[in-house]
Every structure is written in structure tokens, then in C-alpha cells.
Amino acid sequence: MTGPACGTEPGCITCGDVALALTVLTVEGSDARCRADDGRTELVATELVGAVVPGDRVLVHAGVAIERLVRRES
Amino acid sequence: MRFVDEFRDADLAEVLGREITALCEPGRHYKVMEVCGGHTHTIYRYGVQDHLPESIELVHGPGCPVCVIPMGRVDDGIAIAERDGVILTCFGDMMRVPGGRGSFLEANARGADIRMVYSPLDALRIARQNPDRQVVFYAIGFETTAPSTALTVLRAAQEGVENFSVFCNHVTIIPAIKAILDSPDLRLDAFLGPGHVSTVIGCRPYEWIPRDFGLPLVCAGFEPLDLLQSVYMIMKQFAEGRAEVENQYGRVVQYDGNPVALKVLAEVFALRPFFEWRGLGSIAHSALQLAPAYARFDAEQRFDLPGVRVADPKACQCGEVLKGVLKPWECKVFGTACTPETPIGTCMVSSEGACAAYYNYGQYAKQRLTLEVLS
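If you're wondering where the values come from, they're calculated on a predicted model, not measured in any experiment. (Residues numbered from 1 in each chain as written. Chains lettered and ligands numbered in written order. Predicted model: local features only at pLDDT ≥ 70, side-chain atom pairs only at ≥ 80, totals over all residues.)

Student: Teacher, can you tell me more about the overall build of chain B here?
Tutor: Scanning chain B from N- to C-terminus turns up 14 helices and 13 strands. Since a compact globule built from 375 residues should have a radius of gyration of about 21 Å, the 21 Å found for chain B is in line with a globular shape. Along the three orthogonal principal directions, the C-alpha set of chain B runs to about 65 × 45 × 45 Å. Put simply, chain B has 375 residues, and 54% of those count as buried. The contacts of chain B with a sequence gap of at least 6 include a subset with a gap of at least 24, amounting to 77%. (Helix = DSSP H or I, 4+ residues; strand = E, 2+ residues; numbered from the N terminus. Rg over C-alpha atoms; globule rule 2.2 N^0.38 Å. Buried ≥ 20, exposed ≤ 12 C-beta atoms within 10 Å, placed from the backbone. Contact = placed C-beta atoms within 7 Å.)

Structural data, given as C-alpha cells:
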């Protein structure tokens, strides 16, 4: 398992329509290494949100970024 | 925590609760359905209902993807997993969903190789690592999750990972809402729209709800204040005589959704003529299957499946709970024969299921209410 396991919160974040806002750390081809607010990192597929750069915030569900979030702070 | 704490402020919740109460028409009862299981979970976990007046009733809809999987599709997954050389992969909550022949966990105990993954991309990785095995991803979920499956199929095709396939159980939310509105069992006044599904499909697909049924729908986020603000927006529509689609979750949801994700969905999937939903029955054009161009990755074409319809246990009333006709605690087996440890119905399996959410959190609110009445 490369991402956060089902069970970090009660229930399964993947099938419960839960998505997490993560910050892009590095870009690795079609993927990006992203960090959650609690410090956890995971590799995220970014094809569905276009090119990302470090510092971008993306909404991630099931290891895939499904939306780019507007940054609110630097 | 950034982006979280500000949406869980109890003082603000009190203020919103008072403003919502002020908008209520005296003597009127409002039934508001939250379509998404994630909302159900938040409502019970944070006691959102406690901040609302008694005249506003939150009704739980069919938006937990695990909960609407019929037992026969669980058995089909087990039939795939029991074949020699097959690794079946699925999301965590799916492991305990009971089928006619038990759950995936029980199938593992009998010798099957069913593995929990966080992402379909993990299933593809397992396929790459096991070229001599058939690796099948048991895909469930609404439009939030379907793009990740579609993207995985595209990558499998690009990389030529031919030992990978998908057993597709993805469903779509709009036909389910239509089925609920056509149901004679239930009268609703408004909807809380599913925030993350709407991230993909946008808000426009809901516009027929106010147009044809005169009901407001507000796309809502998943924190307690998101839900309270969404209820406030609904009540403001009532107070002003409006019925519209509004977007409370604007920090995430674009009104037209994610066009790239929609394009990928359209390329990889096709609509099924019919699909059976637990509790709602067979609904036309309510689920996805792999499009002909990707049929070689379709597990239903790769394997012979039983495809048998399995009736729900007689004692289970998940169907009524999924339609919002029954509250979880009104089910005959709730909390006795059916618990999260030994679920009979799917609504008790996933924490986003109304029964499990109420079992884990809501019963305490009900106990508080009972104590207040007694005192």
C-alpha cells in the first residue's frame, strides 16, 4: 500500500467519498509526491488536474488528484 | 489543523443553528436528504443534528457506495478470487460486506487471495509485480472514485499490463436521486448534494431537481460547519421562495466540475442499461462498465461469473434505510443481531453507512436527548 491505509480515520477514506487536500512536494513524471497536513506523504497521479508544481494544493481521492485547490496561504 | 479547525468551531455552529432556526416557518417540518455517506458520517460524528431545530430532519440517502452493492455482486467477486492464479484487490470497507457466500475476509480464510488496496493504481502495481497472476480490481464508488479506476485502465493500456482487469461496480448518483424522487415512500423538501462527487461532475447535472421538482439542492462540504451552512442556504431559499442549485463547497467544487476527469470517464466507461442497487432495485443507466475499446480489461468478459441475484436477509431493512424511509435504529436487527462487528446488512459495514455511523456516534446523541426529556 503506497498511500494512507483505510482505517487512519474510522472507515475507509477511499470508498467513503472522502478526499484529502495535499500539498505537492516534488513532481515525478505523471505523479507528484504530496504531503498531508499531518506530515504523511504519498505518490499521487496528477493527470486529471494538469501540470502541478511544488506548493500546489490538490484534492486527492484514491491516490489520484481530482481537483486543484486555490491556495490560501504561502 | 489548517483548513479543518475553522470548519469545526462550536461557537460558530451555535450561531448558524440560531440563524437556521430563525428561518424556519412555524409549524412546518423540513426533510433534507444528504445523499452522500460522507455527510452521514459527519452528521453523526459531530452531532450536526443537535444544532438544528426539531423541525429540520436530516434524512440519510443512498450515497455510501459499499452499502448499495447487492449481495450477488459480492458473490461474483468471490467467484473470481477463488480461481487459480487470481489476486482480487478491493478497497478496505469491501472486505467485510456480506454476500450470499460470506464476505471477502471469509473467502480469504478459505484460501482466496483478496488484498486491500488504497488506490486502483496499487492494484496495477501488484499486477506488474505478479506477471504470472491475474490481478483484478473490484471497483466500487460513485463519480468521485470512478476517475481513478479510469486512469488506472488507461495506464494499464499504455503499459500493456494485460494481466490486469477491472470488475466494475461503479455507480452514478443522478439516477439514484431520480429513483428516490420517484419513490412513493418518501416526501423530501431539499437535498444536500455530494461534495466530492460534484468535484468531478459539477453542479449543473442537478439543475433538473429544482426545475422539475421545485426542491433546492446545495452542494455541501464535509466539515460540520459546511453542513450547517448548507442547511442555512437551503432554509434561506425557502424563506425567499427560491428553489435552486447552489454551491456551498466553492473552495473545492467548480460549477462545471473537472472537465479532464469527465473526458477520461467518457473514454473508458459506458453506461450499463441496468444495474441493481441494494434497496433501490434495478435502475436504468445508473452504473458504468468498461467501454468496448477497453473490453480486454473487463473482468466480466475475462471470467465466467455466476451473476446470480441473491436476496437480502429477511431481517435486514437496509433497503428502507437507504431510501431514508427508516432511521437506522428503527431496523429490527439494529444493534442486536446486526452490529459493526457482525454486520448483517451493508449499512452496518462501512462507517459511512447510516447504521454504522449511528451505531458509532449517533446513539450517544439520542441518549442525551432521552436524558434531557427525563430530567
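Student: Would you explain the environment of L265(B) in this entry?
Tutor: All names here are of chain B. Among the structural elements, L265 can be located in helix 11 (residues 259–268). A C-alpha to C-alpha distance of 25 Å links L265 and F191, two positions 74 residues apart in sequence. Apart from residues lying up to four places away in sequence, L265 is in contact with A146, P147 and A150.

Student: Help me understand the packing of helix 6 (residues 146–159) of chain B against helix 11 of chain B, please; the structure alone is not making it clear to me.
Tutor: Two packed helices can be described by the angle between their axes and the distance between those axes. Residues and elements named next belong to chain B. With their axes 9 Å apart at the nearest point, helix 6 and helix 11 run at an angle of 60° to one another. Between helix 6 and helix 11, the angle is such that the two are oblique. The two elements helix 6 and helix 11 meet at a crossing, and its hand is left-handed. Between helix 6 and helix 11, the residues in contact are A146, P147, A150, L151, V153 and L154 and A261, V264, L265 and V268, respectively. Split by residue class, the contact of helix 6 with helix 11 holds 10 nonpolar, no polar and no charged. (Axes fitted to C-alpha atoms, helices over the stretch in contact; angles between N-to-C directions. Parallel < 35°, antiparallel > 145°, perpendicular 65-115°, else oblique. Left-handed = near helix turned anticlockwise from the far one by under 90°. Nonpolar A, V, L, I, M, F, W, Y, C, P; charged D, E, K, R; others polar.)

Student: Looking at this model, I keep getting lost on the nonpolar core. Mind explaining?
Tutor: Where a protein is soluble and globular, its nonpolar side chains tend to be buried together. Counting residues in each nonpolar core, the largest one holds 145 residues, and the members touching the most others are V60(A), A65(A), V32(B), L88(B) and C355(B). With 7 residues, helix 10 (residues 224–239) of chain B is the single largest residue contributor to this core. (Core = buried A, V, L, I, M, F, W, Y, C linked by C-beta atoms within 7 Å.)

Student: I keep staring at the sheet that holds strand 1 (residues 30–36) of chain B and nothing clicks. Help me out?
Tutor: What links the strands of a sheet is backbone hydrogen bonding, and the strands pair in either a parallel or an antiparallel sense. Residue and element names in this part refer to chain B. The 5 strands are arranged 2-1-7-8-9 in an open sheet whose pairing can be described as parallel. Across the chains shown, the open sheet's two edge strands, defined by having one partner strand only, are strand 2 (56–63) and strand 9 (245–247). Shown here is a sheet whose adjacent strand axes are inclined to one another by a mean of 25°, direction ignored. Where strand 8 (residues 217–220) and strand 9 come together, 3 bridges link them in parallel fashion. Bridge assignment links C219 to a residue of strand 9, and that residue is N247. Sheet strands touched by helix 7 (residues 173–182): strand 1, strand 2 and strand 7 (190–194). Its angle to strand 2, the strand with the most contacts, is close to 130°. (Pairing = 2+ DSSP bridges.)

Student: Help me understand the environment of E246(B) in this model?
Tutor: Residue and element names in this part refer to chain B. If you trace the backbone, E246 turns up in strand 9. Along the primary structure E246 and F303 are separated by 57 residues, whereas in three dimensions their C-alpha atoms are 44 Å apart. Beyond its immediate chain neighbours, meaning those up to four positions away, E246 contacts V218 and M233.

Student: I would appreciate a short explanation of the sheet that holds strand 6 (residues 164–170) of chain B in the present structure.
Tutor: Residue and element names in this part refer to chain B. On the basis of which strands lie adjacent, the open sheet formed by 4 strands has the order 4-3-5-6 and parallel pairing. Two strands lie at the open edges of the sheet, namely strand 4 (114–116) and strand 6, each paired on one side alone. Each strand axis lies, on average, 25° off the axis of its neighbour in the sheet, ignoring direction. In the sheet, strand 3 (residues 86–90) pairs with strand 4 via 3 bridges, with the strands oriented parallel. From the neighbouring strand, L88 faces strand 4, where its bridge partner is I114. Helix-sheet contacts for helix 6 involve strand 5 (134–141) and strand 6, and the interaxial angle to strand 6 is about 160°.

Student: Is there a simple way to think about the pairing of strand 1 of chain B in this case?
Tutor: Residues in a regular strand project their side chains so that they alternate between the two faces of the sheet. All names here are of chain B. Buried residues dominate strand 1, accounting for 6 of its 7 residues. Sheet topology note: the strand 1/strand 2 ladder contains 6 bridges and is parallel. Paired with C36 across the two strands is G63, which belongs to strand 2. Note that the unit made of strand 1, helix 2 (residues 37–45) and strand 2 has a crossover that is right-handed. By the bridge criterion, 3 bridges tie strand 1 to strand 7 in an arrangement that is parallel. The residue of strand 7 that forms the bridge with V32 is A190. (Right-handed = clockwise from strand over helix to strand, strands pointing away.)

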